[in-house]
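A structural walkthrough
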Amino acid sequence: MKKFKSGIMMNNSIYRKKYRLISSFLIAMLLSGCSSSQLALGNKNSDQSDEEISTNEKDADDEAAKDASADDSTKDSSSEEKSSEDLLVDSVTWDDLYDPTGNSDEDNKVYFNMSDGSAQTFEISSDYKIKDLKMVDLDNDGTDDYIISSYFANTATEYNIIYAYTFDDGQVSQLFPVSGIEGVEDDVLYDCQITDVTIDYATDATVNGLELTSFGKVDGMVYEESHKIIYYQDGKWNLKSDYTDAEAEYETIMAPRDKGYIDLDDESSTLYQAFLDGNEKAIYDIEGDKGQYIEPSLVLSDGEKYTLDDITGNLTSADQYSEGWKVESVTDTYIDCGLDDDYEMVVSISFDTEFSFDMVIKNIDGSLKICYFGDSWSRCQTRICYNGMIYSYGSGGATSHGGYTGFVDADGQYKLWYEEWEEGYDDYDGDGTFSVSPYIDGSSVDLTFDIPDAAYIYSEEISFDEGDGYDYYYFYILDEDSNELPDDPDDPDNPYEIVRTECEKAGITAISKNEHEEKLEERRQEIGLTDEIYEFGSEYLTEDE
């Protein structure tokens, strides 16, 4: 049994709030870093062990009062009983019944041993390894509470579990965990950390609170499922923030994987590691070079072989956009282009700037190939998925967004699916007249649309081939409540038909959204982006996706 002493010995050192007591010596010992099994308040005789230390619950004034009342010894026993106001927690002890198998039928018990010889008892699951006890004012009432931390591990992760207790008017009560806390599910296991919570940003006022994190697991990979912050005030727990990532499971299954989560063949493992170590070269394929600010094509030759140091060295050489940049990190993860269990390596390089780049490296018959190169920065993010799909999208301004979608196939060939660029237009003066300027062959064409019911118009430029050309435009139109207006061919005032007619007059190809989706599907089939690859992970999407 572990013991934590918290009796009071020091004269004039007891701080009272209502009927609760805490020792300044206890605070000092806690701040000095004593462990729960070592922390004891009071003087120890030479023949006493740490586990046997008892505490004097009366200070000098109490002793004097006792002596002065000695003549009243004839009073009955009821007058000698301590009131709840005088009752103190003499020590806190607990069982050590930790059973990591979860097969124990008996829970740990925590004993609050009182100064009158009684004990108030609480239970903590034997699945948890009780670690220590500390004093923190978790209910923010000015008096410290008893915080017991315990350890638990499952196949997802390791948890710090907190049990908190208050002492008031001779009674110990469990402060946390309790049922009924807003946003906190009773049947969910949370990692618990004590944190500062700002409750008034104007005055920067903070209180103590709890940071609660829950985790999920998919295909052996752990992800953060929810993150909550709660604090206790005005007699109840309050929810400060509650973030649940509905797509966390999907994002986890789609992300490149650490080496430990795949079954990589020996040859590929050896070659990939040698490339990371700078001892193996990879062939640069300009067809897979999608660099925008960082441009390998300016310093690497198509079909030539380069080490990792060659690549980073050339990219940061004189007269390059990335001249003088320092490599801050190199990481390797793995994907399965074609979903054929023949894994490719993703090498991610971060610089001491806002820029980074990723390369997809594939072992093809004992030789490495750079199948894809793409960069990211503050306004554009490139995302490589486990199934070989690649998305690179960014912003050119408040109403200008775009990028490309492609994939690396099972043979290590990068294929563009489509490029798109969106421009947004507002009806600033509310007259239903829009001035739209799509770019055709590098030059803008000024168009005017009169659509009284519209508040916003968005043009979408689509291209299936890299370069400055386009294949077609499609539009979507929103009302003042941001609801998309219907494209109804039977409506004589169909706003989309007005837009398409004006585009046709200017020689611009504009189609409906439905036609656009049909063309995307045709293009997908044409480039060999199979249903198996494209729909990988879709079962983990939320219903509204």
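For the structure given in this document, a descriptive report is provided here. (Residues numbered from 1 in each chain as written. Predicted model: local features only at pLDDT ≥ 70, side-chain atom pairs only at ≥ 80, totals over all residues. Heavy atoms only, no water.)

Turning our eyes to something else, we now look at the pairing of strand 23 (residues 400–408). For strand 23, a buried count of eight out of nine residues is recorded, marking the element as mostly surrounded by other parts of the structure. The pairing of strand 22 (residues 389–397) with strand 23 spans eight bridges and is antiparallel. Looking at the pairing, S395 lines up with H401 of strand 23. In textbook terms, the turn of a hairpin is the stretch between consecutive antiparallel strands, and for strand 22 and strand 23 this stretch comprises two residues. Across nine bridges, the pairing between strand 23 and strand 24 (residues 414–426) is antiparallel. Looking across to strand 24, one finds that G406 is bridged to L416. Where strand 23 folds back on strand 24, the antiparallel hairpin that results is connected by five residues, among which G412 adopts a positive phi of roughly 85°. (Buried < 20%, exposed > 50% of the residue type's maximum accessible area, 1.4 Å probe, protein only. Helix = DSSP H or I, 4+ residues; strand = E, 2+ residues; numbered from the N terminus. Pairing = 2+ DSSP bridges.)

The next thing to look at is the nonpolar core. Counting residues in hydrophobic clusters, the biggest one holds 55 residues, and the most contacted among them are F275, I311, V347, F357, M359 and I361. Not counting the four nearest positions on each side in its chain, M359 is found in contact with F275, L308, I311, M345, V346, V347, I370, Y372 and F373. Within the second largest apolar cluster, 23 residues are counted, among which are L87, W94, Y128 and A156. (Core = buried A, V, L, I, M, F, W, Y, C linked by side-chain atoms within 4.5 Å. Contact = heavy atoms within 4.5 Å.)

Looking now at helix 7 (residues 513–526). Given a rise of 1.5 Å per residue, 14 residues ought to cover 20 Å, and the 20 Å separating the end C-alpha atoms of helix 7 matches this to within 8%. Buried residues of helix 7: H516, L520, R523 and R524, and no others. One face of helix 7 carries all of its buried residues, which in axial projection span an arc of 105°. Opposite the buried face of helix 7, by more than 90 degrees, sit the exposed residues N514, E518, E522 and E526. Close packing links the buried residues of helix 7 with strand 24, strand 29 (456–463), strand 30 (472–478), strand 31 (510–511) and helix 8 (531–534). G528 sits one or two positions beyond helix 7 and adopts a positive phi of about 85°. (Expected span 1.5 Å × (residues − 1). Arc of directions from axis to C-beta.)

What follows concerns helix 4 (residues 266–276). Since the α-helix turns once every 3.6 residues, residues separated by three or four places project in the same direction. Turning to helix 4, its buried residues are S268, S269, L271, Y272, A274, F275 and L276. The opening residue of helix 4 is D265, an N-cap whose side-chain oxygen sits 3.2 Å from the backbone nitrogen of E267. Just downstream of helix 4, G278 is the residue with a positive phi angle, here 85°. (Polar contact = N/O pair within 3.5 Å; in protein donor to acceptor, adjacent residues only side chain to side chain.)

Read across the open sheet, the seven strands follow the order 21-22-23-24-29-30-31; overall the sheet is mixed. Only two strands of the sheet have a single partner each, and these edge strands are strand 21 (380–384) and strand 31. This element, helix 6 (residues 495–505), spans strand 30 and strand 31 of the sheet and lies at about 145° to strand 30. (Axes fitted to C-alpha atoms, helices over the stretch in contact; angles between N-to-C directions.)

Before going further, it helps to spend a moment on the state of the cysteines. One pass over the full model with this rule turns up zero disulfides. No disulfide involves C337; its sulfur sits 6.9 Å from the nearest other cysteine sulfur, which is in C371. The exposure class of C337 is buried, given its relative accessible area of 0%. (Disulfide = S-S within 2.5 Å.)

Glancing now at the side chain of D375. Here D375 shows up in strand 20 (residues 367–376). It is K290 that comes nearest to the buried, bridge-free D375 among opposite-charge side chains, at 9.5 Å. Within the structure, the side chain of D375 is placed 2.9 Å from the backbone nitrogen of I294, a separation counted as a polar contact. Contacts of D375, omitting those with residues within four sequence positions, involve K290, G291, Q292, Y293, I294, S356, F357 and T382. (Lys, Arg positive; Asp, Glu negative; His and termini not counted. Salt bridge = Lys/Arg side-chain N within 4 Å of Asp/Glu carboxyl O.)

Moving on, we come to the environment of V330. Along the chain, V330 falls in strand 17 (residues 327–335). For the pair V330 and V347, spaced 17 residues apart in sequence, the C-alpha to C-alpha distance is 6.9 Å. When sequence neighbours within four positions are dropped, the list of residues in contact with V330 reads L276, L308, V347, S348 and I349.

By the element assignment, E323 lies in the loop between helix 5 (308–315) and strand 17. Taking relative accessible area as the criterion, E323 reaches 44% and is therefore assigned partly exposed. For the pair E323 and G313, spaced 10 residues apart in the sequence, the C-alpha separation amounts to 9.4 Å. In this structure, E323 is in contact with L315, T316, S317 and A318, ignoring residues within four places of it in sequence. In this structure the side chain of E323 is engaged in a polar contact, spanning 3.0 Å, whose partner is the backbone nitrogen of D319.

Our focus in this paragraph is the sheet that holds strand 15 (residues 282–284). Ordered in space as 16-15-20-19-18-17, the six strands form an open sheet in which the pairing is mixed. Of all the strands in the sheet, the pair left with one neighbour each is strand 16 (305–306) and strand 17. Of the strand pairs in this sheet, strand 18 (residues 344–351) and strand 19 (residues 356–364) are connected by six bridges, and their pairing is antiparallel. Bridging across to strand 19, S350 finds its partner in S356. Each of strand 15, strand 16, strand 17, strand 18, strand 19 and strand 20 is contacted by helix 4, which is oriented at about 145° to strand 19, the strand it contacts most.

On to the side chain of E461, then. On the secondary structure map, E461 appears in strand 29. In terms of polar contacts, E461 uses its side chain to reach the side chain of Y473, at 3.2 Å. In contact with E461, not counting residues within four places along its chain, are E419, E420, W421, Y439, G469, Y470, Y472 and Y473.

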